[in-house]
Amino acid sequence: MTPAAHPLAPELRLVSVRDLAWLTGSLALVIAPHALRAPWWLTLLTLCLFAWRFYYALDRVPLPSRWLVLAVAGAAMLGVWIEYRTLFGRQPGIVLLMLFAGLKLLETRTHRDAAAAAFLGYILIITNFLYTQSIPTAVLMGAALFAITATLIGFSAPNRAPRPNLRTAALLLAHAVPVAAALFVLFPRVDTPLWGLPRDAYAAMTGLSETMSPGNLSSLALSDAIAFRAEFEGGLPAQALRYWRGPVMWDFDGRTWRSAEYVPARFAPPARGRAAYRYGVVLEPHNRTWLFALESAASVPRSARYSGDGQILAPLPVRTRLRYDLSSVLAPEPRVQETPALLRRALRLPPGFNPQALALAAQWRAAARNQDEVVSRAVSFLRQGRYAYTLEPPLLGADSVDEFLFDTKAGFCEHFSSAFVFLMRAAGVPARVVTGYQGGELNPVDRIITVRQSDAHAWTEVFLPARGWVRVDPTAVAVPGRVESGLARAMAQTEQALMQRPEFRWLRDLRYQWEAAAHKWNIWVLGYNPERQRELMNLVGIRATDWRALTATLFTVLGVMTALLLLWSLRHVVRPDPVERAWRAFCAKLAAQGVERSPNEGPRDYAERAARALPAARRAILLIGALYIGLRYGPHPSARRANQLRHLVRSLRLT
Amino acid sequence: MIGGILARNPRLANWLYGFEPPERGTVVLGHRRVYIVPARLGWLYGAALAILLIGSINYQLGLGFALTFLLAGLGLAGMVHTARNLTRIGVSAGRAQPVFAGERAQFRLHLDSRARFDRPAILARHLGSGSQLVVDIPQLSIAEVVLEAPAARRGWLPIGRLLLETRFPLGLFRAWTYVEPDARCLVYPKPERSPLPPPAAHAAGAAQRAPAAGNEDFSGLRSYQLSDSPRHVAWKAVARSDQMLTKQFTGETAAELWLDGQLLPAGLGLEQRLSRLAGWVLAAQRSGAHYGLRLPGVEIAPGRGDSHAGACLRALALYPPP
């Protein structure tokens, strides 16, 4: 029944230069962010492929042979393999996809190939989200989506001008948004990936690690990336009290501190303290299990647990933005019980390092009456030591603590905390290094505290028999400015970031506004997970939130939306005017009596013939005919006449 | 397969497509008779959506979900828009010029947009002949499509079933409808070339009227009459004088010519007779003769001109008269 040549079949319609221009333009928009990340030669190659295709289109020569295209593809894949040593994994996969978009263009002859390339463009959009899902990315990709859609419309309507095609694309997207919103809210979400991800899937995540050695916190301090945001329900703790506790380091090998895989102890959270805070944290993914909490956490989020040294651990590494609620108390009441094995571990030191520090500690130990006094001697030693706080500390040799304490006297928080714990242990006071974040910036717009990687900090905890574990921040002792006014002020010598200067206040305010928006975006768009879905469904009164209830609701909503769309689609259709409708009703009434109007019969002839055939209604029929002729062809059609016509037709009785 | 079944059972097809052909006047395509299925590209699009959804779930991409669902919404909106592109078009057929059997009838089809939006890329196809055309209908206006169908036999040729199809805007869906307007084309018998019969005894009385106007020798100009053949219009003179003028000739064959079925050899079948008569009508018309047509049950008085020829050919096409 269908002949071979179907003028609407995409496989039979050749792409025009205009189609090609639209297609390459929209693909370039999608690829643009990747071009910054991909190796330069690949970006260049993709651009060359685009240009090559245009050369063919403008010169009207046949496309290159399949073998040539395959050869280019093979060479490019070899290049990718040399670059990454694999073809699988996220980054190589994406650059290959980018390459294929260019190659697909090169063999695009018909609209079917072109449409396939456009669909590839849709898929390339999502690959950008693997790197960033920020608002600017979303806006750029929205533009790309719009462009690709307009391109597809151009394929279907080759004779139409681009402007109406753009208008249609906007209309289509406007109609798609409510459907998309319903799907976004109601589509049943799952928590876990469907299968294993490539090994480099989480390579981009930054944050604290399980180890601490000179230099790794200071490199983190240069990063402006956000670690987490915290929103407090009531009052806020002061800047100097905002210690966000993270991994605890126990074991020292002379250079690197390591956290313990397992701490054989039970941790009991503090019940009371001087002040209590309730707050929610939105943690950026860091691919580790620990969660950050204001010192000292009095509760754990659901499904998380305490480790023996008081860390809060999630069951799985945090790989998506995670929101949790917590409460913390300041200055908890002392808890002096501790597992003896743990205390022994907190005294262990590697033999043969830092003889000067060992000697100093031995001296303190001999002179002091108790451990409290040892600690206070150490604190005053640091305070009077004229230590400098710097992001670029001098390199240290094997006896890193000795060199820092007595020689270079300049370091970052990891140097201070490492040296302090070393001294404490050498003096017989159990001590451990705690890493985490200190401070955070309060956004006055939404009262949310943003903690960045640059707020990464290391401090110490010492165990005193009367007071239990007590926090001592040697950096704060030696360089008081660090904790009171944040990192930027403490760096007196290093140049300040532009934003931090007082005269750029307006810039900072703008940034606050932007970050408040970004936070909302993170929570509601990016962080919309099964839990949030459940909360929202409970809010609107859908109790049973298993996937069946969600699916049923979803389909109901989608059905209603489709019906509304259909109603809309008939809105701009022109209906016959009332006079025409009345005339048609009249013809239908006569036809039911066997007097059918033949298509070429004028109204006058028809009315006269009908009047002869149905003499009982003669007057009415002739009047209707005359009225209709007057309204249709007469010089001054009046509304009164039209109403009269409608009334007459309605009241016409023929039986 | 389904197409085959429907072709064999027109009543089933009519029931399925919801109309009883032929449809009089302007046929407005209601949404109930517009069918829609995903095109092949639509399935490809669906596969791309599945990839996007799996990727979003696997990598927990909030924006990935947003993109996937936006594209799903786009597909749904595209479906409605595709159906809308066809719904409520008014289809009516124009007059088709008569043709001779063996030629191709040309049916004019008027597609009335009846909407305040344009309807691009609508395919109209004559199912019987495969003749097809893609038109764009601008908003609130009418597009004309000419579809050809082979005219095999003399008589009335109904237009037959037409397909209207569109894939606009995204090409993901294919919406179509069938329509069979009340349009027909008159098909004259295939003319057979043969020498004209001599002006027979019947012509005797008319012979005195000579000299009658023929088309052999140019004798002057007169003002144009509607029945004059365009071949005789003095175009050069028209260009000069701004008035339609016809060249007048003095003919020799001024005699009345009767094209009588009885003059044909007895062995011919009806169709052959009609064919030969049609050939005679054309030849007589060309020669400018004053001719009439006579067949059992039909007699057309002698005359000349295009409308006279039309009347004769029509009688032949529809022979025997009802």
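As shown above, the structure is provided for reference.
Here's what I pulled together on the structure shown here. (Residues numbered from 1 in each chain as written. Chains lettered and ligands numbered in written order. Predicted model: local features only at pLDDT ≥ 70, side-chain atom pairs only at ≥ 80, totals over all residues. Heavy atoms only, no water.)

**Digging into the overall build of chain A**
Helix and strand counts for chain A come out as 22 helices and 17 strands. What you see for chain A is a C-alpha radius of gyration of 38 Å, clearly larger than the 26 Å of a compact globule of 655 residues, by over 25%. Dimensions of chain A along its principal axes, counting C-alpha atoms only, are 135 × 65 × 50 Å. Scored against the burial criterion, the 655 residues of chain A give a buried share of 49%. Excluding contacts between residues fewer than 6 apart, the proportion of contacts in chain A whose partners are at least 24 apart in sequence is 73%. (Helix = DSSP H or I, 4+ residues; strand = E, 2+ residues; numbered from the N terminus. Rg over C-alpha atoms; globule rule 2.2 N^0.38 Å. Buried < 20%, exposed > 50% of the residue type's maximum accessible area, 1.4 Å probe, protein only. Contact = heavy atoms within 4.5 Å.)

**Topic: the overall build of chain B**
Looking only at helices and strands, chain B features 7 helices and 18 strands. Within chain B, the proportion of its 322 residues that are buried is 52%. Here the analysis covers contacts within chain B between residues at least 6 apart in sequence; of these, 66% occur between residues at least 24 apart. With an accessible surface of roughly 15400 Å², chain B has 57% of that area assigned to carbon and sulfur atoms. (Areas by Shrake-Rupley, 256 points an atom, 1.4 Å probe, with all protein chains shown as cover.)

**Overview of the pattern of salt bridges**
With the rule as written, the count across this model stands at 29 salt bridges over all chains. Here B:R161 ties to B:E180 by a salt bridge, and the two come within 3.4 Å at their closest N and O atoms. On the criterion of sequence distance, the pair formed by B:R161 in the loop between β9 (155–158) and β10 (162–166) and B:E180 in the loop between β11 (173–179) and β12 (184–188) is long-range, its members being 19 residues apart. Here B:R161 falls in the buried class, since its relative accessible area comes to 18%. A salt bridge links B:E165 to B:R174; its shortest N-O distance comes to 3.3 Å. We classify B:E165 as buried; its relative accessible area is 0%. Beyond isolated ion pairs, a larger network of salt bridges with shared partners links A:R66, A:K104, A:E107 and A:D113. (Salt bridge = Lys/Arg side-chain N within 4 Å of Asp/Glu carboxyl O.)

**Re unusual backbone geometry**
Cis peptide bonds are those with omega within 30 degrees of zero, and the linkage from A:E295 to A:S296 qualifies with -10°. Summarising the element assignment, A:S296 is placed in the loop between β7 (293–294) and β8 (305–306). Across the junction of B:Y319 and B:P320, the peptide omega takes the value 0°, indicating a cis bond. Within the secondary structure, B:P320 is located in the segment after α7 (306–317). Here the phi dihedral of A:R386 falls at roughly 55°; this positive angle occurs in a residue that is not glycine. Among the structural elements, A:R386 can be located in the loop between α11 (371–383) and β11 (388–389). When its relative accessible area of 76% is taken as the criterion, A:R386 is described as exposed. At B:L140, a residue that is not glycine, the phi angle is positive and equals roughly 50°. Mapping B:L140 onto the fold places it in the loop between β7 (132–137) and β8 (142–150).

**Section: the environment of B:F117**
Inspection of the secondary structure assignment puts B:F117 in the loop between β5 (104–112) and β6 (119–126). The spacing of B:F117 and B:Q139 is 22 residues in sequence and 4.7 Å in space, taken between C-alpha atoms. In this structure, B:F117 is in contact with A:S569, A:H572, A:V573, B:R84 and B:Q139, ignoring residues within four places of it in sequence.

**Here we look at the sheet that holds strand β6 (residues 290–291) of chain A**
Note: strands within a sheet are paired through backbone hydrogen bonds, in either parallel or antiparallel orientation. Residues and elements named next belong to chain A. One open sheet accounts for 3 strands, arranged β6-β9-β8; its pairing is antiparallel. Both edges of this open sheet fall to β6 and β8, since each of them pairs with a single strand only. As defined by bridge partners, β8 adjoins strand β9 (residues 312–313) across 2 bridges and the pair is classed as antiparallel. The residue bridging Y306 from the neighbouring strand is I312, located in β9. (Pairing = 2+ DSSP bridges.)

**Side note on the nonpolar core**
If you look at the biggest cluster of nonpolar residues, it comprises 89 residues, and the most contacted ones within it are A:Y122, A:I125, B:L71 and B:L74. Sorting elements by how many residues they give to this core places helix α5 (residues 111–129) of chain A first, with 12 residues. Sequence-distant contacts of B:L71, defined by excluding residues within four places in its chain, comprise A:Y122, A:L145, B:Y45, B:L49 and B:L52. (Core = buried A, V, L, I, M, F, W, Y, C linked by side-chain atoms within 4.5 Å.)

**Regarding the interface of chain B and chain A**
Across the contact, 63 residues belong to chain B and 72 residues belong to chain A. Carbon and sulfur atoms make up 73% of the surface buried where chain B meets chain A, a total of about 6000 Å² over both sides. Ranking the residues of chain B by area buried against chain A places B:N58, B:L63 and B:F69 at the top, with a combined share of 12%. Inspection of the chain B/chain A interface yields 2 salt bridges. Put simply, A:R160 and B:D118 hold a salt bridge, and the shortest N to O gap is 2.9 Å. There are 7 residue pairs in polar contact (both at pLDDT 80 or more) connecting chain B and chain A. With 18 residues, helix α4 (residues 62–84) of chain B is the largest single contributor of residues to the side of chain B that touches chain A. (Buried area = accessible area lost by both parts, 1.4 Å probe. Polar contact = N/O pair within 3.5 Å; in protein donor to acceptor, adjacent residues only side chain to side chain.)

**What to know about the side chain of A:T256**
All names here are of chain A. Take T256: it is sitting in the loop between β3 (243–252) and β4 (257–259). What makes T256 buried here is its relative accessible area of 13%. The residues contacting T256, other than those within four sequence positions of it, are T211, M212, S213 and D251.

**Thoughts on the packing of helix α6 (residues 135–156) of chain A against helix α16 (residues 505–526) of chain A**
All names here are of chain A. Between α6 and α16, the least distance of the axes is 10 Å, while the angle of their chain directions is 70°. Regarding the angle of α6 to α16, the classification is roughly perpendicular. Along the contact surface, α6 presents I135, P136 and A138, while α16 presents W514, A517, A518 and W521. (Axes fitted to C-alpha atoms, helices over the stretch in contact; angles between N-to-C directions. Parallel < 35°, antiparallel > 145°, perpendicular 65-115°, else oblique.)

**Focus on the environment of B:L12**
Residues and elements named next belong to chain B. Positionally, L12 belongs in helix α2 (residues 10–17). A relative accessible area of 37% places L12 in the partly exposed class. Beyond its immediate chain neighbours, meaning those up to four positions away, L12 contacts I5 and L6.

**With respect to the layout of surface pockets**
Its volume calculated, the second largest pocket comes out at about 1600 Å³. Around the second largest pocket, the lining comprises 47 residues; the ones closest to its centre are A:P599, A:N600, B:R24, B:G25 and B:T26. For the lining of the second largest pocket, the elements supplying multiple residues, two or more each, are α19 (578–592), α20 (603–613) and α21 (618–633) of chain A together with β1 (27–28), β3 (90–93), β5 and β12 of chain B. If you tally residues by element for the lining of the second largest pocket, the top one is α19(A), at 7 residues. Looking at the lining of the second largest pocket, its residues break down into 23 nonpolar, 9 polar and 15 charged. (1 Å grid on protein atoms, 1.4 Å probe; cavity = no way out; pocket = protein on both sides within 12 Å on 5 of 7 lines; lining within 4 Å. Points joined across faces, edges and corners; volume = space filled by probe spheres on them. Nonpolar A, V, L, I, M, F, W, Y, C, P; charged D, E, K, R; others polar.)

**A look at helix α4 (residues 90–106) of chain A**
The end-to-end C-alpha distance of α4(A), which contains 17 residues, comes to 25 Å, matching closely the 24 Å that a straight helix rising 1.5 Å per residue would cover. α4(A) sits mainly inside the fold: 13 of its 17 residues count as buried. (Expected span 1.5 Å × (residues − 1).)

**Focus on the side chain of A:S400**
Residue and element names in this part refer to chain A. Positionally, S400 belongs in helix α12 (residues 400–408). Judged by relative accessible area, which is 5%, S400 ranks as buried. Among residues more than four places away in sequence, those in contact with S400 are G254 and N354.

**Details of the sheet that holds β6(B)**
Residues and elements named next belong to chain B. Strand order in the open sheet formed by 5 strands is β2-β11-β10-β6-β7, and the pairing between neighbours is antiparallel. The strands lining the two open edges of the sheet, one partner per strand, are β2 (35–38) and β7. Taking the axes of each pair of neighbouring strands and ignoring which way they run, one obtains an average angle of 25° across the sheet. The pairing of β10 with β11 spans 5 bridges and is antiparallel. Paired with L164 across the two strands is T177, which belongs to β11.

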